[in-house]
Structure formats: structure tokens, C-alpha cells
Amino acid sequence: MAGRVLIELPSFDKGGLQKVVLDVAIGLKKHGYEPLIVTCGPLGSLAREAQAAGVEVRRLPADRVHEAYPALIEEFRPTVAQAHFSDAGYPYLAARGVPIICFIHNVYAFLPEEARAAFRAGDHYVSKYIAVSRKAAEYAQASLGIAPEKVVVVANGLDFSKYPLDRQGTLTRAQLGIGEGDYVFLNPASYNLHKGHYLMAAAMKRVLAVRQDVRVLCVGNEIFAPHVEQLKTYLKREGLDRHILMPGYFEDIADPMGVSDAFLLPSFIEGWSIAMNEAMHYAKPMILTDTGGAGEVIEKDDIGILLPTEYPDFLRLDSAELDRLAYAPQDYRLAQPLADAMLRFAAERDQWRQAGLRGRAKLHERHSFESVLTRYREIMDELAAAPPAPAPPPPAPPSLAARARGRLRRLIHDARYRYKPALAFWLGNHFFMNWMPYRVRHAYLRRFCNVRIGTDSSICSGCFVTGYGIQIGSNTVINRFCYLDGRVPLRIGNNVNVSHYTLIQTLTHDPQNPDFVCIEGPVEIGDHAWIGARAIISPGVKIGEGAVVGAGAVVTRDVAPYVIVAGNPARPIRERTRDLRYRTKYFPLFDTDIQ
């Protein structure tokens, strides 16, 4: 029984959850259903992939949901709805008798109490829950009060056709600075510190006391940039940055899988990791903590090593405990067992290689995406065929005390994540950048704005810095009144000269988009580059080593090494000599031009 399926999620760009939604939508379309993906958040690469496969994707304006959602339902007339971490359409769908299936992708311990209360409040709209693992179902029942009879457990599967095993990846170990004989663990997860990055660092310290040829390759997209910058600073300070590598996000997981020996995911919280499925498909032995579905795939160390969690009882886990474990280095009791497991893998390579092959066989036998999709279809068809339930009454308004607690939590959150960094940058830009000597100015920027400044580099007075992603090499000059946008990573190399009034931007807007959405892209400026006065560097641009950008140029595309560009838009005009030996050092007295 096919029908129209409305699928709602918070955003549709990248990540494991979004991959699940994409696979489900395409699979349903192949079976005769008409899926529509709806979000109030940003769209990206996965949205484009869905549209290329003939799946319609709609982005609703977040500030006009009460108008847009009813109109969308009236137009599309869904027979059933799926909700993935998003509940914007609950009241409008329920009012029209559309059954709602809520997917429990995770143990929802990361939710603050206000969000947990909202989850409970939305329960009366939901017809059925699909939990991706037994632990996720148990937590929803015990901690969130969901009735057991409303929950069905259906583990995530993998669409093997999307992961051809005969594909040769383009990534090499040499590109990452990894030796051919090193033992490499792949940690493919968002740079969300709930994944156990500081725990991996603590374990790596113990590993390096025994052997030096072990690496952890962490690939993923950033969730909250200040946390990621703090982690990178810690790894560098502890001398771990050559052993725990963080090269960023890879759209094709086959590339990092191809240069890795094993899979490592010591998360504090999971539902059912798609990355775990991918690792099994690529025959990687696994070291996992016993969260989410890990205990349902590793049985008696058959395809990997299953470690206990850092906390004693996952049913008592909450967001405060998760944040305490995730966001700062500490003495983890699991660090030594994790290090021991990593050392076992590195010492017994052939044994664990065979375990990886057994993992592939287990995945293909138990967790094919087609079998999972069949179960989804059965549940949807059953709900669509049932007589429509009466529309539930709206939930009672929260009490005065609950509203006060919610306001207090929002105030604390805003103070920590909005007002504190805003004040730090305000003081940096309006006081320290104008009134303090270089030594004090640089110390403040390093400590409170996370600006990484190399030896003998100078940021002159009047510059404006923003964002936690700025990295400046050694012997580099940022002259007066420049704008450095580090909201997305901005990397400036060694012996670079950036002249007066230069604007370097990593964020802009799409003028053709009706919602004026942001367009972001990291900027990288190579060693010995020279940026002329009043130049503008656009998001996503890479300026090669030794390149020159003429005064007033507007750079919208990459500039090749040792090429001089000028104009608006900037175009190549000649080559520059490659015989560059100078080292710049510029600390003029009192921010004048007198040295």
C-alpha cells in the first residue's frame, strides 16, 4: 500500500541522520511511495543528492511555520509522516489526522530538561516510535516516559549499492602525513565531543608510552567551533596532534576507510551508528563502547572489542553528565582499557583483519537496508490503513515555575555561548586592538579569542577579528584596519604580508535564495603570499604559496602559487619569482610606520 510520506528533520546537509533520511526517501520512492522531505534548517549536499534522485525537498521559513506548514499539508496531503529529531509539524499533522512516526535515533540523554519536556509534551501527537536500538528504546521508556507498546525497534541498515567495494579511493596516507607501516584507527564522526575525543587523547598518551606507530584519523564536520578549537589546542599542547589527526569532513567515506586499518568509536552516547555499519561493510575491526547498538553487533569479541561505558548506568545519564565527560580533558577510568584494546589491534593485525571480514558477513546477513525498509513500509501501511484517531487536545500550558526554569536555563546557555564570547571579542576589538602593546594584545587574542599566532607575527592596531577559527603562521604581518573573519576556518601561512584595510571573509549570503541563507567556506593563504591594500578575499578561496593579490582586487576564485592577480574580479596578470627567501618581522613603534 503506497502513499505520500512527509519526512521532517531539522536540517538536510550532512551527517549520519541525514544519510538515513536520504536512503529511506529514495528507497520509498523506488517502492511506489511519494516522499517529501521538509526542514526548517539549512540544505546542503544531501539535499541536492535527494533532488537528483527525484525526491522533492522543501525548506520552510522558521519564523512562519504556523502559516507554511498547514499550507504544505493541504497541498501535499500526506498519508503518513515521519519525524527525525524535529517536531515543527506535529500539531498541524495531527489536526488533519495524519499518523506520525517519530524515530528515536539516539539515547536522548544529551537533551536538556527543557527539550526533554518538549519531547514528552509531543508524545500525544505520535502514533508510533521506531527506535534504532534496544538501548535507545529502553532509555525512551525509562527516562522519557514513552509507553512500551508505542515503540518498535528497527536497527539501521546499509544500502550496499552506495558503497562499491571495488572503488579505489584517491586519498593516500602520504597526503595525511601517515607512514605506510603505521596502524591507523578511523574515527568517522562529527566533531561533537560526545564522541569521546578527549577520551581518545587520554588513551593515546598511554599508547605512545609503548609504541609510536599508532594514529587516530578523526574525520567529520564541526558542530560547535569553539569546542573544536579548544580540542585542537589541547592536542597540540600535549604533543598529540601528529597522532590524532583532524583533517575535516570527507564526503566520500571510502577515502578515509581506504587508508585505515580499524574503526574506533568510544562514544559516550549513540543510537545506532551508520558509521559503524560502514566500517563493517569495509571489513574494519572495531573498538566500540557499549552504547546504542554496539552490543548488538559485537558479540564475545567476534568482530571487535566492546568496552564498557565511562558511566555505570545509561538509564541515569543526562546532559549535565554528558557535557562533564565530553568537554574537558580528565582522568578517564576507561583510558587504560581503551589503550590496551588499541595496542592489541596494532600487535595482532592479521587476527583482527579476519575479524573485520567476519563483521562484513554479519552486516550483510542481518542489516541490509532493504530488509529495514520493508519493516518501515509495514509499519507505515498499518498506520495509514487504521481509522484516523481524533485530533488530540493541545497540551496544557507550562506552569509558572516551569517557564521560570526554562528562562533561567536559556539565560545560562546564552551567557555561556553567546554573551561570553561576544564580550571577549568586543573587548579584543575595541580595547586591546587599539590601546594595548603587541605583547598584551596578542596574549589576549590567544587566550580569550582562540586566535593562534605564530612566532614573530604581528597583528597591528585597528584590526577587527571575529570567530574562533583564525590561525596565523610565523613571521606574518597583518597591517592596520584589516578584517579577519574566523567564523569558518581562516588559515594564514608563514611570511605572509596582509596590507591595510584588507577584508578576508569566510561567510556571505546567497543573493538568489529567498531566505538569504549563509554561504560559508574556509579561506587559506599560503606562505610568502602578499595581499595588497583594500583587497577583498571571498569565502572558500585558497591563495597559493608566493601569490600576490593587487591593491583593491576582489578575489572570488583560487589563486595559483606564484601568480600575481589584480582587478575586480581578480585575474592573473603575470608570474612572480619563486626565489623568495625573506622573513618578515614588523613591529613598528606605537603602531606608526617607524620601526
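This write-up is about the structure you can find in this document.

So, how was this worked out
Residues numbered from 1 in each chain as written. Predicted model: local features only at pLDDT ≥ 70, side-chain atom pairs only at ≥ 80, totals over all residues. Heavy atoms only, no water. Helix = DSSP H or I, 4+ residues; strand = E, 2+ residues; numbered from the N terminus. Rg over C-alpha atoms; globule rule 2.2 N^0.38 Å. Buried < 20%, exposed > 50% of the residue type's maximum accessible area, 1.4 Å probe, protein only. Contact = heavy atoms within 4.5 Å. Areas by Shrake-Rupley, 256 points an atom, 1.4 Å probe, with all protein chains shown as cover. Lys, Arg positive; Asp, Glu negative; His and termini not counted. Charge placed at Lys NZ, Arg CZ, Asp CG, Glu CD. Polar contact = N/O pair within 3.5 Å; in protein donor to acceptor, adjacent residues only side chain to side chain. Core = buried A, V, L, I, M, F, W, Y, C linked by side-chain atoms within 4.5 Å. Axes fitted to C-alpha atoms, helices over the stretch in contact; angles between N-to-C directions. Nonpolar A, V, L, I, M, F, W, Y, C, P; charged D, E, K, R; others polar. Pairing = 2+ DSSP bridges. Right-handed = clockwise from strand over helix to strand, strands pointing away. Patch = residues over 30% accessible without salt bridge, like charges linked within 9 Å, V, L, I, M, F, W, Y side chains within 5 Å. Salt bridge = Lys/Arg side-chain N within 4 Å of Asp/Glu carboxyl O. Disulfide = S-S within 2.5 Å. Parallel < 35°, antiparallel > 145°, perpendicular 65-115°, else oblique.

**Examining the overall build of the protein**
- Within the protein one finds 18 helices and 32 strands.
- Over its C-alpha atoms the protein spans a radius of gyration of 26 Å, differing by no more than 12% from the 25 Å that the globule rule assigns to 595 residues.
- Seen along its three principal axes, the alpha-carbon backbone of the protein occupies a region of about 85 × 60 × 50 Å.
- Taken over 595 residues, the protein has a buried fraction of 53%.
- Of the contacts made within the protein by residues no fewer than 6 positions apart, 58% connect residues no fewer than 24 positions apart.
- Summing over all exposed atoms, the protein offers an accessible surface of approximately 26900 Å²; the carbon and sulfur share of this is 54%.
- The average position of the 69 basic charges and that of the 64 acidic charges among the side chains of the protein differ by 5 Å.

**Thoughts on unusual backbone geometry**
- Residue Pro569 is reached from Asn568 by a cis peptide bond, and omega for that bond is -5°.
- Following the sequence through the fold, Pro569 ends up in the loop between strand 31 (563-566) and strand 32 (571-575).
- Although it is not a glycine, Asp301 sits at a positive phi angle of roughly 55°.
- Its place among the elements puts Asp301 in the loop between helix 12 (294-297) and strand 13 (304-307).
- Owing to a relative accessible area of 35%, Asp301 belongs among the partly exposed residues under this scheme.

**Some details on the environment of Gln212**
- Here Gln212 shows up in the loop between helix 8 (197-208) and strand 9 (214-219).
- Between the alpha carbons of Gln212 and Cys449 there is a distance of 33 Å; along the sequence they are 237 residues apart.
- A distance of 2.8 Å separates a polar side-chain atom of Gln212 from the backbone oxygen of Leu208.

**Focus: the nonpolar core**
- Ranked by size, the top nonpolar core spans 65 residues in total, and within it Phe12, Ile37 and Met286 carry the most contacts.
- It is helix 1 (residues 16-30) that provides the largest number of residues to this core, a total of 8 residues.
- For Phe12, the contacting residues outside a window of four places in its chain are Gln18, Val21, Leu22, Ile37, Thr39, Pro42, Leu43, Gly44, Leu46, Ala47, Ala50 and Val57.

**Description of the packing of helix 11 (residues 274-281) against helix 15 (residues 349-366)**
- Contact geometry of helix 11 with helix 15 gives a least axis separation of 7 Å together with a crossing angle of 115°. Here Asn277, Met280 and His281 of helix 11 lie close against helix 15, whose contacting residues are Gly356, Gly359, Arg360, Lys362, Leu363 and His364.
- Its residues placed into classes, the contact of helix 11 with helix 15 shows 2 nonpolar, 5 polar and 2 charged.

**What to know about the pairing of strand 5 (residues 100-104)**
- Counting buried positions over the 5 residues of strand 5 gives 5, a clear majority of the element.
- Both faces of strand 5 are covered, namely the face carrying Ile100, Cys102 and Ile104 and the face carrying Ile101 and Phe103.
- The sheet contact formed by strand 4 (residues 80-84) and strand 5 spans 4 bridges and is parallel. Across the sheet, Gln82 pairs through a bridge with Ile101, a residue of strand 5.
- Handedness of the crossover is the feature at issue here: the chain leaves strand 4, passes through helix 4 (residues 90-95), returns alongside strand 5, and the resulting connection is right-handed.
- Taken together, strand 5, helix 5 (residues 113-121) and strand 6 (residues 128-131) constitute a β-α-β crossover, and its handedness is right-handed.

**What to know about a nonpolar patch on the surface**
- Residues Leu408, Leu411, Ile412 and Tyr419 make up a contiguous nonpolar surface patch of about 430 Å² in total accessible area.
- Here Leu408 lies in helix 17 (residues 400-435).

**Here we look at the state of the cysteines**
- Tallied over the entire structure, the rule returns 0 disulfides.
- For the unlinked cysteine Cys40, the closest cysteine sulfur is that of Cys102, found at 16 Å.
- With a relative accessible area of 25%, Cys40 lands in the partly exposed category.
- Cys463 provides the cysteine sulfur closest to Cys449, a residue in no disulfide bond, and the two sulfurs are 13 Å apart.
- Using a relative accessible area of 0% as the deciding quantity, one classes Cys449 as buried.

**Brief notes about the packing of helix 14 (residues 335-347) against helix 15**
- One can describe the packing of helix 14 onto helix 15 by two numbers: an axis separation of 5 Å at closest approach and a directional angle of 100°. When the interaxial angle is binned, helix 14 and helix 15 end up roughly perpendicular. The segment helix 14 lies against helix 15, with Arg344, Phe345, Ala346 and Ala347 engaging Arg349, Gln351 and Trp352.
- Among the residues making up the contact of helix 14 with helix 15, the classes are represented as 4 nonpolar, 1 polar and 2 charged.

**Looking at the environment of Phe263**
- Counting through the fold element by element, Phe263 comes out in strand 11 (residues 262-265).
- Considered as a pair, Phe263 and Thr502 are 239 residues apart in the sequence and their alpha carbons are 44 Å apart.

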